[in-house]
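Next come the chains, spelled out residue by residue.
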Amino acid sequence: MTTTTLPPEPRTDRTDRTDRNRYLSALRTWRGLTGLALVGAAALAGLLAPLLTGTDPNAQSPLALAGPSAGHPFGTDDLGRDLFSRVLHGIGTDLALIVTAVPVGALLGCSAALLAATSRWADLAVQRAFDLLLAFPGLILALAVTAVLGPGRWPVVIVIALAEIPGFGRQLRAGILVQREREYALAARVGGASRARVLLRHVVPNAVDPLIVQTAVALSLGVFIEGAMSFLGLGVRPPEPTLGSILSQSVAYLATDPTFAAAPLAATTALVLGFTLIAEALNRGIRR
């Protein structure tokens, strides 16, 4: 009498703990700690902006283009508005948009990858959809969305989400293609598990590692997209501050007042560099 033994679940509590320890170990490296420090400091400054500044970021004064002082640590802009307050509130606005848009893009991209795993025709259709999104440069995509909806918060969220869909979708699709040919997945199918159970219970949990890294990369890309849209006047409507809109205002005064651009540029660099270092640390940790 032949007895068929079902394979053990590839994801156990012990495996989950091992993965968490691996992620934590990756974040404890100098790359991870530096990235967390940069992003954490920027996020904390944006979250506590009303308490740290105590100044309305849109309040104008006669002190236009004033240099740094005790009352205005970063100086003022061309309308006399406090740059310290505007930059900190701008960080908060940027992070709110990115943290909203990236999960939407991840959800749509991963859902498309799961659909692609159901049949060859679905896979072909999903791949062509990804190619179509990638065929549109970010600027063209932003122009198309704002032409329909006008500038504002939601167009920025939509553009970032659309730009992130192919990255998440392709990462998960590639992981599924690799994992479903592994021995444990084949054994589960032989043991009588349905195709959906094999996919959701066995394959997908073992294909999520690249998505962790992709999330950090996507957050970094989101900073770029929001900054570019606001810089071009396609993003959040003024006078609400964003880092991109402050940089856009400062361009006309680079020759006469270069400090105008210093603070928003430093904040943008800190966010992008922080997310990039976190992505690198996680990528190195996952590959060990």
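This one's a predicted model, so the numbers in the text were calculated from it and none came from an experiment.

A look at the overall build of the protein chain
Then, number 1: When helices and strands are counted, the protein chain shows twelve helices and zero strands.
Then, number 2: When the elements of the protein chain are put in sequence order from the N terminus, they spell out α-α-α-α-α-α-α-α-α-α-α-α.
Then, number 3: Taking all 288 residues of the protein chain together, the buried fraction comes to 44%.
Then, number 4: When contacts within the protein chain are restricted to residue pairs at least 6 apart in sequence, long-range pairs at least 24 apart make up 70% of them.
Then, number 5: Accessible surface computed for the protein chain: about 14800 Å², of which carbon and sulfur atoms make up 67%.
Then, number 6: Each charge class in the protein chain was averaged separately, 24 positive and 19 negative side chains, and the resulting centres sit 12 Å apart.

Examining the confidence of the model for the protein chain
Then, number 1: Mean pLDDT for the protein chain: 86, with 93% of residues reaching 70 or above.
Then, number 2: Contacts from residues 1-15, a stretch scored under 50 in pLDDT, to residues over four places away or in other chains number 19 contacts.

Quick word on the environment of Leu83
Then, number 1: Within the secondary structure, Leu83 sits in helix α4 (residues 83-116).
Then, number 2: Here Leu83 falls in the buried class, since its relative accessible area comes to 1%.
Then, number 3: With residues up to four places along the chain from it excluded, the contact list for Leu83 reads Phe74, Gly75, Thr76, Asp77, Ile246 and Phe260.

Details of unusual backbone geometry
Then, number 1: For the peptide bond that leads from Pro238 to Pro239, omega is 10°, which places it in the cis range.
Then, number 2: Residue placement: Pro239 occurs in the loop between α10 (209-231) and α11 (243-250).
Then, number 3: In this model, Leu65 sits at a positive phi of 55°, which is unusual for a non-glycine residue.
Then, number 4: Along the chain, the position of Leu65 falls in the loop between α3 (49-53) and α4.
Then, number 5: According to the relative accessible area criterion, Leu65 is partly exposed, its value standing at 29%.

Some remarks on the packing of aromatic side chains
Then, number 1: Counting across every chain of the model gives two aromatic pairs.
Then, number 2: Between Phe74 and Phe84 the ring centres are 5.1 Å apart and the planes differ by 80°, which places this aromatic pair in the edge-to-face class. Taken together, the residues span a long stretch of sequence, with Phe74 in the loop between α3 and α4 and Phe84 in helix α4 at a distance of ten residues.
Then, number 3: In this structure, Arg120 is placed above the aromatic ring of Trp121, and the distance from its NZ or CZ to the ring centre is 4.8 Å.

Focus: helix α9 (residues 195-203)
Then, number 1: Of all the positions in α9, only Val198, Leu199, His202 and Val203 are classed as buried. The buried side chains of α9 occupy one side of the element, clustering within an arc of 115° when seen end-on.
Then, number 2: Elements that come into contact with the buried residues of α9 comprise α4, α7 (153-179) and α8 (183-190).

With respect to the environment of Ala188
Then, number 1: Structurally, the position occupied by Ala188 is in helix α8.
Then, number 2: Classification of Ala188 by relative accessible area gives buried; the value is 1%.
Then, number 3: Ala188 sits 14 residues away from His202 along the chain, and the two C-alpha atoms are 8.2 Å apart.

Quick notes on the pattern of salt bridges
Then, number 1: Applying the stated criterion to the full structure yields seven salt bridges.
Then, number 2: Ionic pairing is found between Asp77 and Arg86, a salt bridge with its closest N-O pair at 3.8 Å. For the pair formed by Asp77 and Arg86, the shared burial category is buried.

A closer look at the packing of helix α2 (residues 30-47) against α4
Then, number 1: Two elements in contact, α2 and α4, have axes separated by 7 Å at closest approach and are oriented at 105°. As judged from the angle between their axes, α2 and α4 are roughly perpendicular. In this structure, α2 contributes Ala42, Ala43, Ala45 and Gly46 to the contact, and α4 contributes Leu88, Ile91, Gly92 and Leu95.
Then, number 2: In terms of residue class, the contact of α2 with α4 is built from six nonpolar, two polar and no charged.

Description of the side chain of Thr146
Then, number 1: Its place among the elements puts Thr146 in helix α6 (residues 138-149).
Then, number 2: Given a relative accessible area of 10%, Thr146 falls into the buried group.
Then, number 3: A distance of 2.7 Å separates the side chain of Thr146 from the backbone oxygen of Ala142, its partner in a polar contact.
Then, number 4: Those residues within four positions of Thr146 in sequence are excluded, and the remaining contacts are Pro151, Pro155, Met229 and Leu234.

Remarks on the side chain of Ser245
Then, number 1: Within the secondary structure, Ser245 is located in helix α11.
Then, number 2: Looking at Ser245, the relative accessible area reads 15%, which means it is buried.
Then, number 3: Other than its neighbours up to four places away in sequence, Ser245 contacts Ser230, Phe231 and Glu240.

Section: the packing of α4 against helix α5 (residues 120-135)
Then, number 1: Where α4 contacts α5, the two axes come as close as 7 Å, and the packing angle between them is 150°. Between α4 and α5, the interaxial angle falls into the category roughly antiparallel. Packed against α4, whose contacting residues are Gly109, Ala112, Leu115 and Ala116, the element α5 presents Ala122, Asp123, Val126 and Phe130 at the interface.
Then, number 2: Taken together, the residues that form the contact of α4 with α5 break down as six nonpolar, one polar and one charged.

Calculation rules
Residues numbered from 1 in each chain as written. Predicted model: local features only at pLDDT ≥ 70, side-chain atom pairs only at ≥ 80, totals over all residues. Heavy atoms only, no water. Helix = DSSP H or I, 4+ residues; strand = E, 2+ residues; numbered from the N terminus. Buried < 20%, exposed > 50% of the residue type's maximum accessible area, 1.4 Å probe, protein only. Contact = heavy atoms within 4.5 Å. Areas by Shrake-Rupley, 256 points an atom, 1.4 Å probe, with all protein chains shown as cover. Lys, Arg positive; Asp, Glu negative; His and termini not counted. Charge placed at Lys NZ, Arg CZ, Asp CG, Glu CD. pLDDT = per-residue confidence, 0-100. Phe/Tyr/Trp six-rings, centres within 6.5 Å; stacked < 30°, edge-to-face > 60°. Lys NZ or Arg CZ within 6 Å of the ring centre and 35° of its normal. Arc of directions from axis to C-beta. Salt bridge = Lys/Arg side-chain N within 4 Å of Asp/Glu carboxyl O. Axes fitted to C-alpha atoms, helices over the stretch in contact; angles between N-to-C directions. Parallel < 35°, antiparallel > 145°, perpendicular 65-115°, else oblique. Nonpolar A, V, L, I, M, F, W, Y, C, P; charged D, E, K, R; others polar. Polar contact = N/O pair within 3.5 Å; in protein donor to acceptor, adjacent residues only side chain to side chain.

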